[in-house]
Amino acid sequence: MSECLPCDLESADDAAVVYRDETWSCDVAEGYDVPGWFILRLRRHAEGWDGLTAQEAAGFGVVSKRIAAAIQAATGAPTVYFMSFGENYPHFHFLVITRPEDLAPEFKGAGILALRATNRDLAGSLETASTVRQALPAT
Ligand SMILES: [Zn+2]
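Since we're looking at a predicted model, the values are computed, not measured.

Would you mind going over the sheet that holds strand β3 (residues 37-42) with me for this structure?
Adjacent strands of a sheet form backbone hydrogen bonds with each other and so pair up, either parallel or antiparallel. An order of β1-β2-β3-β5-β4 is seen for the 5 strands of this open sheet, with the pairing classed as antiparallel. Every other strand in the sheet has two partners, leaving β1 (17-20) and β4 (79-83) as the edge strands with one partner each. Direction aside, neighbouring strands of the sheet carry axes that sit 20° apart on average.

Sorry, what's going on with the coordination of the zinc ion here?
Coordination of the zinc ion by the protein involves C4 (SG), C7 (SG), H45 (ND1) and H91 (ND1), with metal-donor separations of 2.0 to 2.3 Å. Geometry at the zinc ion is tetrahedral, judged from the 4 donor atoms that bind it and their angles of 103 to 117° at the metal. The sequence pattern describing where the donors of the zinc ion fall on their chain is C-x2-C-x37-H-x45-H. On the criterion of sequence distance, the pair formed by C4 in the segment before α1 (5-8) and H91 in the loop between β4 and β5 (93-99) is long-range, its members being 87 residues apart. Per residue, the accessibility class of C4 equals that of H91, and both read buried.

Help me understand the packing of aromatic side chains, please; the structure alone is not making it clear to me.
The relative placement of two aromatic rings is captured by the distance of their centres and the angle of their planes. Enumeration over the complete set of coordinates arrives at 9 aromatic pairs. When the ring of W24 is compared with that of F60, the centres are 5.5 Å apart and the planes differ by 50°; the resulting orientation is tilted. With W24 in strand β2 (residues 24-27) and F60 in helix α2 (residues 54-75), this residue pair connects regions lying 36 residues apart in the sequence. The buried category is assigned to F60, whose relative accessible area is 9%.

Looking at this model, I keep getting lost on the state of the cysteines. Mind explaining?
Chemically, a disulfide is nothing more than a covalent bond linking the sulfur atoms of two cysteines. Scanning the model with the defined rule gives 0 disulfides in all. In this structure C26 is not part of a disulfide, and its nearest cysteine sulfur, from C4, lies 16 Å away. Residue classification places C26 among the buried residues on the basis of a relative accessible area of 0%.

Which parts of the structure should I look at to understand the environment of F92?
Among the structural elements, F92 can be located in the loop between β4 and β5. In this structure F92 comes out as buried when scored by relative accessible area, which is 4%. Considering only alpha carbons, one finds F92 and V63, 29 residues apart in sequence, at a separation of 14 Å.

Would you mind showing me how to read the pairing of β2 here?
Along any regular strand the residues' side chains alternate between the sheet's two faces. Of the two faces of β2, the one carrying W24 and C26 and the one carrying S25 and D27 are both buried. Two strands pair when backbone bridges link them, and β2 and β3 are joined in this way by 4 bridges, in the antiparallel orientation. Counted as the bridge partner of S25 is R41 from β3.

Looking at this structure, I do not really get the pattern of salt bridges. What am I missing?
It is possible for side chains bearing opposite charge to pair when their charged atoms get close. Inspection of the entire model under this criterion finds 6 salt bridges. Salt-bridge contacts for R20 lead to D27; the nearest nitrogen and oxygen are separated by 3.4 Å. The partly exposed category is assigned to R20, whose relative accessible area is 30%. Here R120 makes a salt bridge to D33, at a shortest N to O gap of 2.5 Å. On the criterion of sequence distance, the pair formed by R120 in the loop between β5 and α3 (122-135) and D33 in the loop between β2 and β3 is long-range, its members being 87 residues apart. Because the salt bridges share partners, they merge into one network encompassing E10, R20, D27, R41 and R43.

Parameters at a glance
- Residues numbered from 1 in each chain as written.
- Predicted model: local features only at pLDDT ≥ 70, side-chain atom pairs only at ≥ 80, totals over all residues.
- Heavy atoms only, no water.
- Pairing = 2+ DSSP bridges.
- Helix = DSSP H or I, 4+ residues; strand = E, 2+ residues; numbered from the N terminus.
- Axes fitted to C-alpha atoms, helices over the stretch in contact; angles between N-to-C directions.
- Donors = N, O, S within 2.8 Å, 3.2 Å for Na, K, Ca; no water.
- Tetrahedral: all angles 85-135°; square planar, octahedral: opposite > 155°, others 65-115°.
- Buried < 20%, exposed > 50% of the residue type's maximum accessible area, 1.4 Å probe, protein only.
- Phe/Tyr/Trp six-rings, centres within 6.5 Å; stacked < 30°, edge-to-face > 60°.
- Disulfide = S-S within 2.5 Å.
- Salt bridge = Lys/Arg side-chain N within 4 Å of Asp/Glu carboxyl O.

Limitation: the analysis is restricted to geometry and does not speak to function.
Structure (structure tokens):
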């Protein structure tokens with residue numbers, strides 16, 4: 001393990017990978033393994049928006065849209081949150097969080113992060129990853 005979680009995800013098990021191409025990967029990450037939570041990351045180590053090439057920046061929109069569509073198709077979630085702080089890991093990445101239909105109001109928006117303390121479930125996360133992977137729309 002390095003000190004960069006997004007870099008370490010390069011060696012994630014296939015079962016944890018929802019989407020991967022030459023540039024982007026979306027994976028279940030241990031420590032953030034709440035079912036329906038994923039990390040979408042640039043595969044190479046680059047920090048912040050400034051670290052992206054113009055081509056990578058444009059591709060981010062395309063891949064984000066595909067992944068959000070697959071999550072919504074697989075889970076029926078009304079929306080998908082994309083959060084990026086860049087504090088713990090400056091490596092360019094987003095926490096992609098499925099927002100369930102029946103989520104209590106106090107957990108909506110950034111409040112959803114509180115569920116990390118109580119809702120981690122690796123097996124459930126991998127199961128959701130599998131259904132999202134199958135729902136990915138064709139390019
Ligand atoms: Zn990194």
